[in-house]
Amino acid sequence: MDAQGRGRADDIDPADQWVLNPNTGEYELRLTPSAPQSSVPGPRRAASRTGAASRVAGGRAKGAAGTGGPVRDRSAAPGRDTRPTPGREVPSQRRRRGAPEEPPPGRRGRRPAKQNKAKKAVLWTGGVMAFVVVAAATGAYLYIEHLNGNIQSVSDDGASTGGFQKDKAINILLIGTDKRTGAGNGSYGDKGSAGHADTTILLHVSKDRSNATALSIPRDLIVDIPDCPTEQEDGSQKVIPGETGVRFNTSLGQEGRTPSCTVRTVTELTGVKPDNFMVADFNAVKTLTSAVGGVEVCLAKDIKDPDSKLDLPKGEHVIEGEQALAFVRTRHSVGFGGDLSRIGLQQQFLSALMRKLKSNDTLTSPTKMIKLAEAGTKALTVDSHLDSIDKLKDLGLELGKLNTKNLTFTTIPVIDNPAEKVKATVVLDETKAPEVFSAIQNDVSFTAVKQQKKKEAAAVAARLKGTKADPSEVRVQVFNGGAPAGSAQETLAWLQTEEGVSKSENAGNAPATLAKTTLEYAPDQADQARRLAAIMGLSGSAMKPGESVTNSQGLPTMTLTLGKDFKGAGVSLTAPTKAPDVEKSTADKVECAK
């Protein structure tokens, strides 16, 4: 019921009937009786405004002395005097709007006036917070769009795998060009450079993210550059003819070649197909080092190189900007004064940069992270599969799982070019380079970390253990799943004539291309599988327990699929379990340039 329904004055706002009791600090209901009420405790009568202050003071004092509790009046019973008792007057009612309806008579109130203020405060605060959240979200969105706008991307022209995947090993090609564009870079040597592949690193990150290998490719390495289908500015396609026996650095810039051509060259050289590529120019070194507040490097001797403009005394230094660029360009004052010596210096620099990037000093500094995001998106050109902040973030999260002590830097093993009297270029060291390539292809770490969980490794190894069937009892179909043309027939002839596997047959081309050779067999064919694995040099990981198929005689047979790793009949396919012994360094250690 409302105030009128209870016999209250028809011009009184119900909110005015709540009055603060100073003895309790709580609000109480004060109503004026207009008719006989029930015997339940009732409200007081209203006092006149005149002299209210003095009277209420006396009433409060009396109430406080008598009970120590709230001062309460009672409603008059029929015939009872209803005049206010001196000293018991209550404050006159004030008119307010919007207060809540009062509770039943005689029941203590809940301070609606303060509650109303509290509600307003909550609503105001909630409104502000909502605004802040919306503004922050809008700002973040706009900033992300801003960063997306910074990113420059070019087509991979189908040269890559189509982009890294979270459940597979990752191979990123990092290309540093000698292009002199940008403020202050024109003074560095060849102003008109088209931007060759001056510094190139193939970064391999293991499938389990426990380790990584950064393989440097010398710019003066003699290679064969394949034909390169290349997207032109107008969207058309043009095939840039390949060349044989030329410097690796000409795979970019020369004859209009784009980074996708460098990707194709690396694939042919190493047998590893990159997932993505990133290209950095001189400005990248300057801006990235400045964004993180400089990186720490060490010199074992004084260096004063007029070509690179590096002038630093022996000892440890924090370098950034122009000084950092001079450091990575120095070659005449370190080692033997050639490109290979400079590669070692660059690896030390990248190790230092990696340590700084993963340090708390960088990761916990919003200012540095924002500067890094700005610098990174402006300085790098990426392939079309990495053309957004979201994609770069996902890649960064995968790379962030690495421990710097398991990031190995090494260089493709090379020797001086024997065809030259004046040594200017290098060629592959055919005794060591294939081992390095094989280790990367097979996801083998160059540091002492576990590649698989012990349980998984034991299960794979167990496939090779046990009895082996006689070669004459081995039944197998041979498919070509990515090996050179004719490999299936070549393998079949070798198995039958030299290894005694007479129950074998050529099944033609496999329905899909495989990177690695596999042997699928049913559980009751395990002894046959172990014999064929021993003959062909298959590892336990190449053996795939599964199902048998039916051969041309209607008998159950195993399936051997020759993958891209197939090197010829009789050549062992056992993947290396240990990386070759090559000169290397890890990113967690500080080394001084000599």
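Heads up: the structure comes first, above all this text.
In what follows, the accompanying structure is described. The model shown is predicted, which means the values in this text are computed figures rather than measured ones. (Residues numbered from 1 in each chain as written. Predicted model: local features only at pLDDT ≥ 70, side-chain atom pairs only at ≥ 80, totals over all residues. Heavy atoms only, no water.)

## Observations regarding helix α3 (residues 259-270)
Spacing of three or four residues puts side chains on the same side of an α-helix, whose turn is 3.6 residues. Helix length check: α3, at 12 residues, gives a terminal C-alpha distance of 16 Å against a target of 16 Å (1.5 Å per residue), a fit within 8%. A large share of α3 lies buried, amounting to 10 of its 12 residues. Restricting attention to buried positions, one finds in α3 the residues P259, S260, C261, T262, V263, R264, T265, V266, L269 and T270. (Helix = DSSP H or I, 4+ residues; strand = E, 2+ residues; numbered from the N terminus. Expected span 1.5 Å × (residues − 1). Buried < 20%, exposed > 50% of the residue type's maximum accessible area, 1.4 Å probe, protein only.)

## Remarks on unusual backbone geometry
In most cases, non-glycine residues show a negative phi, while peptide bonds are predominantly trans. Here E255, not a glycine, exhibits a phi torsion of approximately 60°, which is positive. For E255, the location among the structural elements is in the loop between β10 (243-247) and α3. Look at E255 and you get exposed, because its relative accessible area is 55%. Positioned with a positive phi, K309 is a non-glycine residue whose angle comes to about 70°.

## Looking at the side chain of E505
With respect to the secondary-structure elements, E505 resides in strand β21 (residues 503-509). Look at E505: it is buried, it has no salt bridge, and the nearest opposite charge is R475 at 9.2 Å. Among the polar contacts made by the side chain of E505, one reaches the side chain of Q477 at a distance of 2.9 Å. A distance of 2.8 Å separates the side chain of E505 from the side chain of S552, its partner in a polar contact. Not counting residues up to four positions away in its chain, the partners in contact with E505 are V476, Q477, V478, L492, N551, S552 and Q553. (Lys, Arg positive; Asp, Glu negative; His and termini not counted. Salt bridge = Lys/Arg side-chain N within 4 Å of Asp/Glu carboxyl O. Polar contact = N/O pair within 3.5 Å; in protein donor to acceptor, adjacent residues only side chain to side chain. Contact = heavy atoms within 4.5 Å.)

## Structural notes on the state of the cysteines
Per the counting criterion, the structure on display carries 2 disulfides. A sulfur-sulfur separation of 2.0 Å characterises the disulfide bridge that pairs C228 with C261. Residues C228 and C261 are joined by a disulfide whose S-S torsion is about 65°; by sign, that bridge is right-handed. Within this pair, whereas C228 is found in strand β8 (residues 228-231), its partner C261 is found in helix α3, the two being separated by 33 residues in sequence. Taking relative accessible area as the criterion, C261 reaches 0% and is therefore assigned buried. Note that C298 is cross-linked by a disulfide to C592, the S-S spacing being 1.8 Å. Because the sign of the S-S torsion sets the handedness, a value of about 70° for the bond joining C298 and C592 places this disulfide among the right-handed ones. Taken as a pair, C298 in strand β12 (residues 295-299) and C592 in strand β27 (residues 592-593) lie far apart in primary sequence, 294 residues in all. Here C592 falls in the partly exposed class, since its relative accessible area comes to 29%. What links to what in the protein chain: the bonded cysteines, counted in sequence order, pair as 1-2, 3-4. (Disulfide = S-S within 2.5 Å.)

Interpretation in functional terms is not warranted from these geometric data alone.
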